[in-house]
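Structure assessment
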Amino acid sequence: MAHITKATSVKDWFDQRIALTKLWNVLAGQYWIPKNINFLWAMGVILTVLFTVLFVTGLLLVMYYKPDANLAFDSVNYTIMQEVEYGWLWRHMHAVAASVIFLIIYIHAFVGIYYGSYKKGREMIWISGMLLFLVFSAEAFSGYMLPWGQMSYWAAQVITQLFGGVPVIGDALVEWIRGDYAVSDPTLTRFFMLHVCLLPIVLIMIIVIHFYTLRVPHVNNLEGEEIDFELEAEKYLSGDTKNSKVIPFWPGFLSKDFMYVSFFMIFFTYLVGFHFGFAMDPINFDPANAAKTPTHIYPEWYFLWQYEILRGFFFDIGPMKAADLGALAMAFAGISLFFMPLYDRSDVVAPAHKRKGFFVWFWLLIIDLIILTVYGKLPPTGFNAWIGFFSSVAYLALLLVVLPVITIMERKGNK
Amino acid sequence: MKELKAFIVVVIVTGIIYWGVEPYAHSVLNPHVEPANFDFAKEDVNLAKTNEQAANKALEAAKASGNEDIIKSATKTLNDTKANLDKYTAFWNDINSIDLAKGDAAKGAELVNAAGCTGCHGIKTANIPAPMDDRSASESFGVTPPDLSDIGYLYDPKFLAALIKDPAIALKVSHKFNDNNPFPMTAFMGAGGDLNAEVADLVAYFKSIAPKEMSDKEVFVNSCSRCHDMKYANVFTNGNKQSIAAYLGMTPPDLSMYIRSRSNDYLNNFINDTQKMLPGTAMPRVGLNEKAQSQVISYMEKVGDSKKAERETTSLYMMGYFLILGIFAWAWKRKIWSKLH
C-alpha cells in the first residue's frame, strides 16, 4: 500500500489515493501529439462529440419511446415530436448526428488511408477503427428500425432476409434474428434492446480500445515522418516548445479541436433546424405497412455503396446464383477495409501525393465509391444495373488486385 | 493554405455525394411534373396531351422490341389516351361556353330544390338540413355528401359548373364509374330551361351564400375529412369507415404526417390533380381553388410539423451560440499556439 501522509491540499489528498496528476498526464497533459497535423486529425474529437450527442439525446428519447409495433410510430411522431418539450430537438439531433457521424467516420477513415496511417505499427489503430465502423453500422441499422415507418420496416425485411443466404441454416437464422417469420413486434423489441443496450456498451468498449491503441505507436502526421516521441517530449518539457516536434494533447491539440468542434457545431445545428430532410427519408413518415411495399427500397446514404455491391451481381455466374453472389460480395465489402494493412505491400508511410501509384489508386477508389453510392439509390434497371455491376467488380479489383500490385511495384522500385 | 486546400477537397467530395444522392437520385425517382395549374381546363387538357405523348413513345419502343403482345397493349393504351384527350377537350369546351357572369342567384335558389340537390345535400346557411345523418348517408352513398353552404368559397365558379354538369369527369373518377357502376352524385339534367344558363344560376347562388372567410381547419374538414382522418389533431371522418373503404377500395390514409411524408410540393400537385401524381387512384381530384388549397396545406403543416417556428428560432440561437463559442475558442487557440510555433 502506498505511504499516505497528511494531505497538504485537496489535490494532494486525491493524488495520494488515486494518482490524479499521473492519470491526467497520461491522458492529456503529457500525451504527446505531433505538431504537424491539421484539421483532418480533428475528426476523432468530432466523432467523440457526435457520439456523446447521440448518447445523451438517445437517453432523452428512450424516456418517451415505446418499443411496441402498435405504439412506436406515434410515440416518435406525435409524443416526442409534438408533445414533449423540445422532443423534436432531441429527435432531430439524434437523427442528424446518426447520419453525420457516418460522414465523419468516412472522412476519418479515408484520411487514414490517404496518409498511410494503417501501417507499420499502426495496424491495431486501423483494425479497432474498422471494428467501430462495423458496430456503428449495426447500431445505425437497429436504430433506423425503431420509428417503425415504411422504409425502416422494409429495410429490416430486406436486410434480415440476407442472412437466408447462409448455407444450410439460412432460413432458421433469419427466423432467429427476426423472432418471427416476418419482421414484426418481436423483431422491434429485440432491435430496441440491441440499439439502446448491448451495442452501445460494445461501442464504448471499442472506443476505449481504439483510444488505447494510439498510445504506443502514436498518431501519424502530415508527412508520415517517424518522430522520436520521447526525445521531442524532453525538448518540450525542458521549455523548448518552439523546436519540439510534439505538443501535449492538452492544451495544445485540444485548443485547436475545441475551435474545430465549435465551427462544426454551427453546421450541425443548421442541419438540425433547417436541413434535416437528408437524414430522414420522407417514406419513413408513413407508418409501417406489411401489406404495401414502397415503390423503391433503399437504405440510408451511408450504406448505399454496400447496397449497390449487393445488387451489382444481378445475373447467375456458373453454378452461383445472383443473390448469393451479391450477398457474398456485400459481406466482403462490409469487412473489406479491415485488411488494408494486408493489401498494401509497401512499407512506405507517406501521404498519397508523395506515392504516385497509390495517389491514383486512392482517387479511383473514391470515384468508384461515389458511383456506387449514387447508383445504390437509383433503380437498378437497364443501363444502371450494368454500371452497378462494373463498379462493384471495380471495388473488389481495386482492393484485391490493384493495390497489392502497385504497392509491390513501389517496394521494388525503392530498392 | 494547405489546410484550406484539404478542406476544399473534403467539401467538394461531400458535395458531389450529397448532390448525387439527394437532388439527382430524387429527381430520377420522382420525375418532374408540371406544377399545379388552377385553370382546370388547361390542367386536364395538358395532362391528357402529356399522357398521349408518353403513350406514343411507349408504342414506338414497343414496335422496336417487335413483341406482338407489347405492341398490342401499347396501341390500346395510346387509343385510350387519345379518347381521354378528346373527352376532356370536349368537356371543357362545353364548360367554357357557359356564361357564368349571367348567373342569377335568386333563380339558383329555386333551382336547388327543383333540381333535387337537397335530396342528398344539406345547406346549413339556407336552413336546409341534410336529409340523413352523416353516418347513414355514408352507408348509403359510400361517403357523406358535403353540405353545400361553403362550396362557393372552396371552389372556382368554373370548377363548380363542371362539377354540377358532370361530377365524374370533373373529379377525374370516370375511370372507376360507368353506366353499370354509376357515380353516387348524378349529373345535373336541368330543370326544363336552358341547361347551361341553369348551371350558371346555381353557381351564382352558391357564390352568394358562401362565407367570406374560413379558417384553415374548416377548409380541411370540409375538403378532406369526409374520407380522411387527422388523428394528431383529433379530426376524424364523420362517416362509416367501412363504407368509405368499400367505396374507395381501400381505407383512406390518416393525414397527420403527410406534410412530412409527401412534401409541400407533392401535396400541392396531388390535391390539384390526383391522376397526374398517382394514375388510377380512387381519390377524386379535390378541385379546390388556389386559396383554399393553400389553407389545407397550411393546416396539414400546423398539425404534422407543429414545432416548425420553435425549431427554426431555436436552431438560429444555437448557431449563434456556437459562433460566439468558436470565436472564443479561436482566440484561446491563438494564445496557446503562440508558445508552440
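Residues numbered from 1 in each chain as written. Chains lettered and ligands numbered in written order. Predicted model: local features only at pLDDT ≥ 70, side-chain atom pairs only at ≥ 80, totals over all residues. Heavy atoms only, no water.

1. Concerning the overall build of chain B
- Summing up its helical and strand segments, chain B has 15 helices and zero strands in all.
- Over its C-alpha atoms chain B spans a radius of gyration of 27 Å, topping by over 25% the 20 Å that the globule rule assigns to 341 residues.
- Along the three orthogonal principal directions, the C-alpha set of chain B runs to about 100 × 60 × 40 Å.
- By residue count, 45% of the 341 residues in chain B fall in the buried class.
- Contacts in chain B between residues far apart in sequence, at least 24 positions, make up 71% of those at least 6 positions apart. (Helix = DSSP H or I, 4+ residues; strand = E, 2+ residues; numbered from the N terminus. Rg over C-alpha atoms; globule rule 2.2 N^0.38 Å. Buried < 20%, exposed > 50% of the residue type's maximum accessible area, 1.4 Å probe, protein only. Contact = heavy atoms within 4.5 Å.)

2. Observations regarding the UniProt feature "transmembrane region" (unreviewed entry) in chain A
Residues and elements named next belong to chain A.
- UniProt records the feature "transmembrane region" (unreviewed entry) at residues 39-65, 95-117, 124-145, 191-212, 258-280, 325-344, 356-375 and 387-409, using the numbering of this structure.
- With 100% helix and 0% strand, residues 124-145 has end C-alpha atoms that lie 32 Å from one another.
- Overall, residues 387-409 shows 100% helix and 0% strand. The separation of its end C-alpha atoms is 30 Å. (UniProt positions renumbered as here; feature names shortened; annotations may be inferred.)

3. Here we look at the nonpolar core
- Formed by 217 residues in total, the largest nonpolar core has its most connected members in Trp361 and Tyr395 of chain A together with Phe206 of chain B.
- Looking at which element gives the most residues to this core, the answer is helix α5 (residues 87-114) of chain A, with 19 residues.
- Mapping this core onto the domain boundaries places at least three of its residues in each of domain 1 (47-212 + 251-297) and domain 2 (304-415) of chain A.
- Leaving out residues up to four positions away in the same chain, Phe206 of chain B has contacts with Val112, Ile123, Leu148, Ile151, Gly152, Leu160 and Ile164 of chain B. (Core = buried A, V, L, I, M, F, W, Y, C linked by side-chain atoms within 4.5 Å. Domains from an automatic or database assignment.)

4. Describing the UniProt feature "transmembrane region" (unreviewed entry) in chain B
All names here are of chain B.
- If you check UniProt for "transmembrane region" (unreviewed entry), the listed places come out as residues 7-25 and 315-332 in our numbering.
- Secondary structure across residues 7-25 comprises 100% helix and 0% strand; the distance between its end C-alpha atoms is 26 Å.
- Structurally, residues 315-332 comprises 100% helix and 0% strand, and the distance from its first C-alpha atom to its last is 25 Å.

5. Some words on the interface of chain A and chain B
- Facing 61 residues of chain A, the contacting portion of chain B comprises 52 residues.
- Linking chain A to chain B there are three salt bridges.
- Across the pair Arg262 of chain B and Asp286 of chain A runs a salt bridge, and its minimum N-O distance is 2.8 Å.
- Between chain A and chain B we count 19 residue pairs in polar contact (both at pLDDT 80 or more) in total.
- Elements with a contribution of two residues or more to the side of chain A that touches chain B: α4 (72-83), α5, α11 (249-274) and α15 (356-377) of chain A.
- When residues in the side of chain A that touches chain B are grouped by element, the largest group, 18 residues, is from α11 of chain A.
- Of the residues in the side of chain A that touches chain B, the class split is 40 nonpolar, 13 polar and eight charged. (Salt bridge = Lys/Arg side-chain N within 4 Å of Asp/Glu carboxyl O. Polar contact = N/O pair within 3.5 Å; in protein donor to acceptor, adjacent residues only side chain to side chain. Nonpolar A, V, L, I, M, F, W, Y, C, P; charged D, E, K, R; others polar.)

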